[in-house]
Amino acid sequence: MLNLVLFGPPGAGKGTQSQNLIAAYGLIHLSTGDILRNEISQGTLLGTEAKKLMDEGLLVPDAVVIGMISNKLDANKEAKGFIFDGFPRTVAQAEALDNLLKSKKASIAAMIALDVDSVELEKRLLLRGKNSGRVDDQNPEIIKKRIVEYTNKTAVLASFYASQNKFYSVNGIGSIDSIFDDLNKIVISLIK
Ligand code: B4P
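Residues numbered from 1 in each chain as written. Predicted model: local features only at pLDDT ≥ 70, side-chain atom pairs only at ≥ 80, totals over all residues. Heavy atoms only, no water.

**Q** Any chance you could explain the overall build of the protein chain here in plain terms?
**A** Summing up its helical and strand segments, the protein chain has nine helices and five strands in all. Taken from N to C terminus, the helices and strands of the protein chain fall in the order β-α-β-α-α-α-β-α-β-α-α-α-β-α. Relative to the globule expectation of 16 Å for 192 residues, the C-alpha radius of gyration of the protein chain, 16 Å, shows essentially globular dimensions. Oriented by its inertia axes, the alpha-carbon framework of the protein chain measures out at about 45 × 40 × 30 Å. When the 192 residues of the protein chain are sorted by exposure, 44% land in the buried category. Accessible surface, the protein chain as shown: approximately 9,600 Å² in total, 54% of it carbon and sulfur. When the 23 positive and 22 negative side-chain charges of the protein chain are each reduced to one mean point, those points stand 3 Å apart. (Helix = DSSP H or I, 4+ residues; strand = E, 2+ residues; numbered from the N terminus. Rg over C-alpha atoms; globule rule 2.2 N^0.38 Å. Buried < 20%, exposed > 50% of the residue type's maximum accessible area, 1.4 Å probe, protein only. Areas by Shrake-Rupley, 256 points an atom, 1.4 Å probe, with all protein chains shown as cover. Lys, Arg positive; Asp, Glu negative; His and termini not counted. Charge placed at Lys NZ, Arg CZ, Asp CG, Glu CD.)

Right, dumping it as structure tokens:
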């Protein structure tokens, strides 16, 4: 089983590169952002509560996203592996993920970070906000708040996975194809 965590600040290209990795390796894509947006579009109670936080650029409570991931792992018992996109985002989520995978006799092979500076992030997210209508991508103040949430709560996960010798990083600026080539080299080295 090949389990990868794609890591990086909001707008780094995690969702974009996940699509390339799925096409290449047949992994199941678990994006907590997409799952939450799906709950919002279906008007569930969870979605209504999550929307308030997401629109403000804040993280959704750990227990909510850990429960969602646990359900998805149970629903995909035959998977060849998973790409975790936007999860874990806190140390509590990373520890919960390790425990969930351990109970299935599996583990994370690597966390791969996409390295992108905040000027480029803001530019990408505002552009997506214009095209997609995503509320959290339209306001520069909300985008800054998301980057602060990342710096305060998520960036520390690089050392969490580095301490397990599972941390890799690639330059996330450049063409989507050239970034994928760099990601792919790491994945090939992992499955050899
Ligand atoms: P997410 O949906 O995870 O969104 P993201 O971080 O903004 O996106 P990503 O990095 O995937 O960027 P993408 O490829 O789309 O989170 C949204 C919110 O959900 C969070 O703020 C939080 O409230 C909540 N949430 C989600 N997971 C959670 C968790 N685990 N715990 C708590 N709360 C959680 O790329 C962005 C843009 O850049 C796209 O338009 C793309 O086309 C463009 N792009 C990509 N690569 C490019 C390149 N190489 N060059 C130019 N543009 C590029």
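**Q** Before we go on, may I ask you to explain the packing of helix H6 (residues 118–132) against helix H7 (residues 140–154) in this structure?
**A** Between two packed helices, what matters for the description is the angle formed by their axes and the separation of those axes. Relative orientation of the contacting elements H6 and H7 amounts to 130°, with a least axis distance of 10 Å. Between H6 and H7, the angle is such that the two are oblique. When the axes of H6 and H7 are compared, the crossing they make is right-handed. Each of Ser 118, Leu 121, Glu 122, Leu 125, Leu 126 and Arg 128 in H6 lies in contact with H7, whose residues at this interface are Pro 140, Ile 143, Lys 144, Arg 146 and Ile 147. For the contact of H6 with H7, the residue count by class is six nonpolar, one polar and four charged. (Axes fitted to C-alpha atoms, helices over the stretch in contact; angles between N-to-C directions. Parallel < 35°, antiparallel > 145°, perpendicular 65-115°, else oblique. Left-handed = near helix turned anticlockwise from the far one by under 90°. Contact = heavy atoms within 4.5 Å. Nonpolar A, V, L, I, M, F, W, Y, C, P; charged D, E, K, R; others polar.)

**Q** Explain the pattern of salt bridges to me, please; I cannot follow it from the model alone.
**A** Pairing is possible between side chains of opposite charge, provided their charged atoms come close. Tallying each qualifying case throughout the model produces 15 salt bridges. One salt bridge in this structure joins Lys 51 and Asp 55, with 2.5 Å as the shortest N-O distance. With Lys 51 and Asp 55 both in helix H3 (residues 45–55) and four residues apart, this pair spans about one turn of that helix. With a relative accessible area of 23%, Asp 55 lands in the partly exposed category. With its nearest N and O atoms 2.8 Å apart, the salt bridge here joins Asp 137 to Arg 146. Asp 137 sits in the buried class, given a relative accessible area of 0%. Taken together, the shared-partner salt bridges in this structure form one network comprising Arg 128, Arg 134, Asp 136, Asp 137 and Arg 146. (Salt bridge = Lys/Arg side-chain N within 4 Å of Asp/Glu carboxyl O.)

**Q** When you look at the site of the ligand in this model, what are you seeing that I'm missing?
**A** Taken together, 30 residues lie around the ligand, and Lys 14, Thr 32, Leu 58, Arg 128 and Arg 146 are the ones closest in. Between the ligand and Leu 58, the relevant distance is 2.7 Å, taken from an oxygen atom to a main-chain nitrogen or oxygen of the residue. In isolation the ligand exposes 1,000 Å². Once the protein is present, 87% of that is buried. No other element matches the four residues that helix H2 (residues 32–41) contributes to the shell around the ligand. By residue class, the composition of the shell around the ligand is twelve nonpolar, nine polar and nine charged. (Near = heavy atom within 4 Å. Polar contact = N/O pair within 3.5 Å; in protein donor to acceptor, adjacent residues only side chain to side chain.)

**Q** Is there a simple way to explain the sheet that holds strand S3 (residues 81–85) in this structure?
**A** Strand pairing in a sheet takes place through backbone hydrogen bonds and is either antiparallel or parallel in direction. The sheet built from five strands is open, its strands ordered S2-S3-S1-S4-S5 with parallel pairing. For this open sheet the edge positions go to strand S2 (28–31) and strand S5 (167–171), each flanked by a neighbour on one side alone. Taking the axes of each pair of neighbouring strands and ignoring which way they run, one obtains an average angle of 20° across the sheet. Set on the sheet, helix H9 (residues 176–191) makes contact with strand S1 (2–7), strand S4 (110–115) and S5; between it and S5 the angle comes to about 155°. (Pairing = 2+ DSSP bridges.)

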